[in-house]
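# A look at the structure
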Amino acid sequence: MSLSCHATYTLSGAKQETYFSVANDTYQALSTCQTIMSQNPYDEKNLVGKYKMSTV
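Below, the structure is looked at part by part. Keep in mind that this is a model prediction, so the values were computed, not measured. (Residues numbered from 1 in each chain as written. Predicted model: local features only at pLDDT ≥ 70, side-chain atom pairs only at ≥ 80, totals over all residues. Heavy atoms only, no water.)

## Describing the overall build of the protein
Along the backbone of the protein there are two helices and two strands. Looking at the 56 residues of the protein, the share that counts as buried comes to 25%. When contacts within the protein are restricted to residue pairs at least 6 apart in sequence, those whose partners lie at least 24 apart make up 49%. In the form shown here, the protein has an accessible surface area of approximately 4,200 Å², with 52% of it arising from carbon and sulfur atoms. (Helix = DSSP H or I, 4+ residues; strand = E, 2+ residues; numbered from the N terminus. Buried < 20%, exposed > 50% of the residue type's maximum accessible area, 1.4 Å probe, protein only. Contact = heavy atoms within 4.5 Å. Areas by Shrake-Rupley, 256 points an atom, 1.4 Å probe, with all protein chains shown as cover.)

Right, here's the structure in full:
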């Protein structure tokens, strides 16, 4: 049996966020930085507010 969950997170723009900070702070390390990066088209050096990020 396979279980997957789709989640989205919108960057606030209030602070500088990275894939690493989103993986650790938002998803509490339940998702890895590499997984989030592979699911999103945004440049890792240019994450800005209002981007909607997703993970599986």
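Past the structure itself, the notes keep going.
## So, helix H1 (residues 19-26)
Side chains of residues three or four places apart in an α-helix project in the same direction, reflecting 3.6 residues per turn. Residues Tyr19, Ser21, Val22 and Ala23 constitute the buried set of H1. The inward-facing, buried residues of H1 contact strand S1 (7-10), helix H2 (33-39) and strand S2 (52-55). Looking one or two residues past H1, Gln28 carries a phi angle of roughly 50 degrees, positive in sign.

## Some thoughts on the pairing of S2
Each regular strand carries side chains that alternate between the two faces of the sheet. Because side chains alternate across S2, one face comprises the buried residues Met53 and Thr55, and the other comprises Lys52 and Ser54, none of which is buried. Both S1 and S2 contribute to a ladder of four bridges, which runs antiparallel. In the strand pairing of S2, Tyr9 is matched with Met53. (Pairing = 2+ DSSP bridges.)

## Considerations on the nonpolar core
Ranked by size, the top nonpolar core spans nine residues in total: Tyr9, Leu11, Tyr19, Val22, Ala23, Tyr27, Ile36, Leu47 and Met53. Element by element, the count of residues in this core is highest for H1, at three residues. Beyond its immediate sequence surroundings of up to four residues, Leu47 is in contact with Leu11, Glu17, Thr18, Tyr19 and Tyr42. (Core = buried A, V, L, I, M, F, W, Y, C linked by side-chain atoms within 4.5 Å.)

None of this, on its own, says anything about what the molecule does.
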